[in-house]
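Residues per chain are reported as follows:
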Amino acid sequence: MPEGHTLHRLARAHQKAFGGDVVRVSSPQGKFATGAARVDGQVLVKAEAWGKHLLHRYESGLIVHVHLGLYGAFTETAVPMGEPVGQVRMRMVGAAQGTDLRGPTACELYTEAEVTALTERLGPDPLRRGADPDRAWQRIHRSRRPIGALLMDQRVLAGVGNVYRAELLFRHGISPHRPGTSMNAEEWQAMWTDLVALMKVGVRVGKMVVVRPEHDYGAPSYAPNRPRTYVYRRQGEPCRLCGTPVLHAVMDARNLFWCPTCQPG
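Note that the structure is predicted; figures quoted are calculated from it, not measured. (Residues numbered from 1 in each chain as written. Predicted model: local features only at pLDDT ≥ 70, side-chain atom pairs only at ≥ 80, totals over all residues. Heavy atoms only, no water.)

Asks: What should I look at first to understand the packing of aromatic side chains in this one?
Replies: Here the distance between the centres and the angle between the planes together describe a pair of aromatic rings. Inspection of the entire model under this criterion finds four aromatic pairs. Their ring planes at 25 degrees and their centres at 4.6 Å tell us that F170 and Y230 sit as a pair that is stacked. Taken as a pair, F170 in helix α6 (residues 162-171) and Y230 in the loop between α7 (185-205) and β9 (247-251) lie far apart in primary sequence, 60 residues in all. The burial state of F170 is the same as that of Y230; both residues are buried. (Phe/Tyr/Trp six-rings, centres within 6.5 Å; stacked < 30°, edge-to-face > 60°. Helix = DSSP H or I, 4+ residues; strand = E, 2+ residues; numbered from the N terminus. Buried < 20%, exposed > 50% of the residue type's maximum accessible area, 1.4 Å probe, protein only.)

Asks: Just to check I follow, could you spell out the sheet that holds strand β8 (residues 106-110) for this structure?
Replies: In spatial order, the strands read β5-β7-β6-β1-β2-β3-β4-β8; together these eight strands make up an open sheet with antiparallel pairing. Both edges of this open sheet fall to β5 (73-78) and β8, since each of them pairs with a single strand only. Going across the sheet, the axis of each strand differs from the next one's by a mean of 30 degrees, ignoring polarity. Relative to strand β7 (residues 97-102), strand β6 (residues 88-93) runs antiparallel, the two being bridged by five bridges. By the bridge assignment, V88 is partnered in β7 with R102. Seen against the sheet, helix α1 (residues 4-18) touches β1 (22-26), β2 (42-50), β3 (53-58), β5, β6 and β7 and runs at an angle of roughly 165 degrees to β2. On top of the sheet, helix α3 (residues 112-121) reaches β2, β3, β4 (63-67) and β8; it is set at about 125 degrees to β8, its chief contact. (Pairing = 2+ DSSP bridges. Axes fitted to C-alpha atoms, helices over the stretch in contact; angles between N-to-C directions. Contact = heavy atoms within 4.5 Å.)

What follows is the structure in structure tokens.
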């Protein structure tokens, strides 16, 4: 599932391509036909992201809310666009560019009140200006749940997924199994600062660059055209720092990776 930097990157791209222009919106697949008709021909005022949620704000006050989920993706195309290929949930056409959305978990119309209800359910987004890390901290240090689970809970922290979770904990030498109550404020502040910096890099370059330059050598990445990771999807391979085999487990139905030597506890 795309992590928060991907949605912020998409929001920037859509703002650049469609912001301030009249946009033609349709639903070739039909599942979003009613919603598309209500915003079709309106000016897209702003595209923004909050965690893993993408919001398109139109001049009428209506907002298109998109959650990509595991399979959703936008495909950008110059205009004029050809006939839709496959199950296109939403097509947007601007003056010079169009985009097709396929396979999202959600593509629906929201009112401002519904957006407020959504964002109030979410934790702070490290990529949003003014995000308050103390909101996440108040939930973390009162919880006996493992920090590895808390970081993935969108009610605690918005936008973090499996890669940033695994790599952030490794970079700070924290076991994913430590309960939130065992964390201290200094540890959390250091993690938050690091996470903000890492996710900003992700927005800028479009990739999750998590390995420090002095460690960026040796064993290749877990997949072609992906930056190296310390532990993510490296189960059984030697840790880049100490050589201990990286461990794998399942926590709250998600794969978990860590080094038992560098992340004791």
